[in-house]
Amino acid sequence: MSDSKSVAPAFAAGLPASEHDLARRSLLRLALAGVAVGASPLAFAQSGGATPRRGGRLTIGADADPIGLDPNTLAAFSSYDFTSLMYSGLLRWNADMKVEPDLATGYEQPDDTTYVFRLRSGVTFHNGQAFDAEDVKYTFDRILNPATASPSATIFSSIKSVTVIDPATVRFELKAPNAAFLSYMATNPLGVIVPRGVGELNTKPVGTGPFVFESYQPNQQFTLKANPDYYEKGQPYLDSVVFRFFKDQASLTSALRSKAIDMTWFKDPKVSAQIVRTSPDLVSAPGKTTRTFPVWMNMKAKPLDDVRVRRALSLATDRQACLQTVLGGSGKVAAMIPESHVGGYDGAGEMPYYKTDVAAAKKLLAEAGYPNGIDLGDYNVVAANPLDVSCAQILQQQWAEAGIKVAIKPMETAPLLAMWVKGEYPTLLSVALSWSPDPDAIVSRMTSTNQYGKSMGMADAQLDAMIAEARTLLDPAKRAAGYMQIQRRITDQAYVLDIYQYPLRWEAWWSYAKGYVPLAANIRSFVRTTWIDK
C-alpha cells in the first residue's frame, strides 16, 4: 500500500486543503509509530500538571437512565454516557473534538471511496475474547442488516463492503465519496465495535472500553469497574464509576452541594449559574450550542400533508420570543444545522417562513380550508425536559393567536421515542436533537429512505438528491453551500419547525476530580483520564 494516499483521522478538523495533508500525514506517522495520540493535553492541564493518583470511585449524578445499552440499536442520548465508557471504535474524538485513532492505529486511503484500517494488537473484549478484523466486519454487517433495525443503518448506508484482509487489517469500500464517514466512525455509539457472536448487549454489554459493566438498578444506580486489560497503559485511574439517578434538578443540586455526588450536569443555565456562583470549589463548564429543539410533524395524513398548514405553523411561531423566555437568550434562533457545523445557519439571513406573521398564517389556513382555525390535537413532548415543556407551552400560546389549537401532552422518554421512530404520533412531537458529528447526520433524517423520514411521511425526491450530493462533497466551501440550500428547502416546505439551538448540558464537578475534559458531544468519555485528589 506504499503507493496509496496515506491519511490520518485529522480529516474532520476543518483545515485548509494544504494543512489537511500535513495534519493527516503527521498524525498517521505518530499513530503508526505507537505514540499515544490519545493522551490529552487539556486533561493534563486541568490536573494542574500533578501526577495522577490511582484508585477511588467517581460518583456522577445522572438525570436519566439509559434506554438500551446495545450501541448498534439504541437511539437515546441518555445511553451515550454509558456506551462511551464501555465501548471503543476504530476512531474517536479527542479533547479538541478532532478525530484520532482508537482501536485502529491509523489508516490509508488508496482513493476517495476506500479506507484501509490497521488495527491495534493485544486488545481484548471485556469477556476475554481477542479483538481483530472479524469483529469489525461483524459489527458493520450487523448494523446494515435490516433485521437489526439499527438507527445507524442509514448513516452507514454508503458502505459498499467491509473486507477482512488479515486479522489486523480491514478495508471499507464506499459506494461514493462520503465526507462524513470518518466523523461517523469516531462517534460513540455509532462506530463502536462489538464482539462477533455477540449475545444480548442491552442487559450484558461487552466492549473494549476503559470500564466494564458491573450492575444496574433502574432509577437508582449504574456501576462500572475499571477494565484491567484496557489498551491505554495506566488508564483508567479510577477503580470504579457509579452513576446515581435523579429525576429532578433540585435533587441533583442538593446531592452535588452535599458532595453525595462528585460530578453532574444541568439542563437549565439559570440553575447551573446559581450553584456555581455560590460554590467556589466547583468547576463549571458551560456547554456549547449544539442541541436543536424541533417540532416534528406527521405528514402522512391530513392536515399536515398540506404544505399550507405547515407553513402557517411556521409563520405563527415567534422563535426569538421562545429563546428569550425559556433560555434567557442562552442560545440562538436556528435552522436544522448548528452554526459550528459546515453549512450551519448563523442567523444572519432569513430562512423561508421564519419571520413571524400571524395574519399570513391565518390566510394560509383559510386557503387550506380552515378559515375558522384548526385543532391539531396532541402535541407530545418529553416530560423529563422542563425546558422543552416550557417551549411547547409558549408555542401553544403563539399558535393559538393564529387559530391553531394543540393540547400539550408530556410523556416518558422511552415511549415517546418509540412513537417518533414509528411515526405513531397523531400530528406534532418534539424530541430535541443532541450533538451530531456531521451535518449529514442531522439532515439525513429527512430523507424518504430514513426510518425517521419514513415515519414522518417524507417523499421529496429533490431533497433526497440534494442530501445525497452534499454527502459526497469533500470541499468544505461546496459542502457549506450545499447544506444551506438543503436547509432552505426544508424550511420552505416546513417539513420540521426548528425553534432554537442551545447547549445540551451545563457541566459542574468538584475541583478534587482532576483530569476531566468536557466535550461538545456531551458524553463523558474523558472519565478515563479522571482521577480523585482528596
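Reference entry: report on the structure contained in this document.

Each value, and the rule that gives it
Residues numbered from 1 in each chain as written. Predicted model: local features only at pLDDT ≥ 70, side-chain atom pairs only at ≥ 80, totals over all residues. Heavy atoms only, no water. Helix = DSSP H or I, 4+ residues; strand = E, 2+ residues; numbered from the N terminus. Rg over C-alpha atoms; globule rule 2.2 N^0.38 Å. Buried < 20%, exposed > 50% of the residue type's maximum accessible area, 1.4 Å probe, protein only. Contact = heavy atoms within 4.5 Å. Areas by Shrake-Rupley, 256 points an atom, 1.4 Å probe, with all protein chains shown as cover. Lys, Arg positive; Asp, Glu negative; His and termini not counted. Charge placed at Lys NZ, Arg CZ, Asp CG, Glu CD. Disulfide = S-S within 2.5 Å. Pairing = 2+ DSSP bridges. Axes fitted to C-alpha atoms, helices over the stretch in contact; angles between N-to-C directions. Core = buried A, V, L, I, M, F, W, Y, C linked by side-chain atoms within 4.5 Å. Salt bridge = Lys/Arg side-chain N within 4 Å of Asp/Glu carboxyl O. Polar contact = N/O pair within 3.5 Å; in protein donor to acceptor, adjacent residues only side chain to side chain. Parallel < 35°, antiparallel > 145°, perpendicular 65-115°, else oblique. Left-handed = near helix turned anticlockwise from the far one by under 90°. Nonpolar A, V, L, I, M, F, W, Y, C, P; charged D, E, K, R; others polar. Phe/Tyr/Trp six-rings, centres within 6.5 Å; stacked < 30°, edge-to-face > 60°. Lys NZ or Arg CZ within 6 Å of the ring centre and 35° of its normal.

### Notes on the overall build of the chain
Check the secondary structure of the chain and you find 16 helices and 22 strands. Its C-alpha atoms give the chain a radius of gyration of 23 Å, near enough to 24 Å, the size a compact globule of 534 residues would have. Considering only C-alpha atoms, the chain reaches an extent of 70 × 60 × 45 Å along its principal axes. By residue count, 57% of the 534 residues in the chain fall in the buried class. Pairs at least 24 apart in sequence give 71% of the contacts found in the chain among residues at least 6 apart. By element, 51% of the accessible surface of the chain is carried by carbon and sulfur atoms, the whole surface being about 20,400 Å². Averaging the positions of the 54 positive and the 52 negative side-chain charges in the chain gives two centres separated by 2 Å.

### What to know about the state of the cysteines
Applying the stated rule across the entire model yields zero disulfides. Here Cys322 stays unpaired: no disulfide links it, and the sulfur of Cys391, its closest cysteine neighbor, is 4.2 Å away. With relative accessibility at 0%, the residue Cys322 sits in the buried group.

### Structural notes on the sheet that holds strand E14 (residues 289–297)
Overall, mixed pairing links the six strands, which are arranged E15-E19-E14-E18-E16-E17 in an open sheet. Since the sheet does not close on itself, it has two edges, and those belong to strand E15 (332–333) and strand E17 (404–411), each with one partner. Pairing between E14 and strand E18 (residues 428–429): two bridges, direction antiparallel. Note on E18: the bridge partner recorded for Met297 is Leu428. Relative to the sheet, helix H12 (residues 413–422) contacts E14, strand E16 (374–382), E17 and E18, its axis offset from that of E16 by approximately 125°.

### A closer look at the nonpolar core
Counting residues in hydrophobic clusters, the biggest one holds 86 residues, and the most contacted among them are Leu90, Phe117, Phe140, Phe156, Phe172, Phe181 and Phe243. By residue number, the principal contributor to this core is helix H5 (residues 181–186), which donates five residues. Excluding anything up to four places from it in sequence, Phe181 contacts Tyr115, Phe117, Phe156, Ile159, Phe172 and Leu174.

### Section: the pattern of salt bridges
When the charged atoms of two side chains lie near each other, side chains of opposite charge can form a pair. Counted by the stated rule, this structure contains 23 salt bridges. In this structure, Arg528 and Glu232 form a salt bridge, with 3.4 Å as the shortest nitrogen-oxygen distance. Separated by 296 residues along the polypeptide, Arg528 in the loop between strand E21 (513–514) and strand E22 (531–532) and Glu232 in the loop between strand E10 (221–226) and strand E11 (240–245) bring together distant segments of the chain. On the basis of relative accessible area, Arg528 is assigned to the buried category, the value being 4%. Accessibility expressed as a relative area gives 10% for Glu232, which makes it buried. Beyond isolated ion pairs, a larger network of salt bridges with shared partners links Arg92, Glu100, Asp102, Glu232 and Arg528.

### Topic: the side chain of Ser84
Note on placement: Ser84 falls in helix H3 (residues 80–86). Classification of Ser84 by relative accessible area gives buried; the value is 6%. Engagement of the side chain of Ser84 in a polar contact is seen with the backbone oxygen of Asp81, the distance being 2.8 Å.

### A look at the pairing of strand E5 (residues 104–111)
Counting buried residues in E5 gives six out of eight residues, a clear majority hidden from the surface. Pairing geometry for E5 and strand E6 (residues 114–119), over five bridges, is antiparallel. The residue bridging Ala104 from the neighbouring strand is Leu119, located in E6.

### Observations concerning the packing of helix H15 (residues 461–472) against helix H16 (residues 476–493)
At a minimum axis separation of 9 Å, H15 and H16 run at an interaxial angle of 160°. On the basis of the axis angle, H15 is roughly antiparallel to H16. Like other packed secondary-structure pairs, H15 and H16 cross with a definite hand, here left-handed. The segment H15 lies against H16, with Gln462, Leu463, Met466, Ile467, Ala470 and Arg471 engaging Arg479, Tyr483, Gln485, Ile486, Arg489 and Ile490. The residue inventory of the contact of H15 with H16, partitioned by class, reads seven nonpolar, two polar and three charged.

### What to know about the packing of aromatic side chains
The relation between two aromatic rings is expressed through the spacing of the ring centres and the mutual angle of the planes. Under the counting rule described, the total for this entry stands at 26 aromatic pairs. Residues Tyr216 and Phe245 carry aromatic rings whose centres are separated by 6.1 Å and whose planes lie at 75° to one another, so their mutual orientation is edge-to-face. Of the two residues, Tyr216 sits in strand E9 (residues 211–217) while Phe245 sits in strand E11, which places them 29 residues apart along the sequence. By relative accessible area, which is 27% here, Tyr216 ends up partly exposed. An aromatic cluster is built from Tyr107, Tyr115, Phe117, Phe140, Phe156, Phe172, Phe181 and Tyr184, whose rings are joined through pairwise contacts. Cation over ring: Arg445 sits above Tyr452, and NZ or CZ is 4.6 Å from the ring centre. Sitting over the face of the ring of Phe526, Arg528 holds its NZ or CZ atom 4.5 Å from the ring centroid.

### Focus: the environment of Ser215
Within the element layout of this structure, Ser215 appears in strand E9. Distance from Ser215 to Lys225, taken between C-alpha atoms, is 9.5 Å for residues ten residues apart in sequence. Discounting chain neighbours no more than four positions away, the residues touching Ser215 are Gln221, Phe222 and Thr223.

### A look at the environment of Pro167
Along the chain, the position of Pro167 falls in the loop between strand E7 (159–166) and strand E8 (169–174). Sequence separation of Pro167 and Ile67 is 100 residues, and the distance between their C-alpha atoms is 33 Å. Residue contacts for Pro167: discarding those within four places in its chain leaves Leu119, Asp132 and Ala133.

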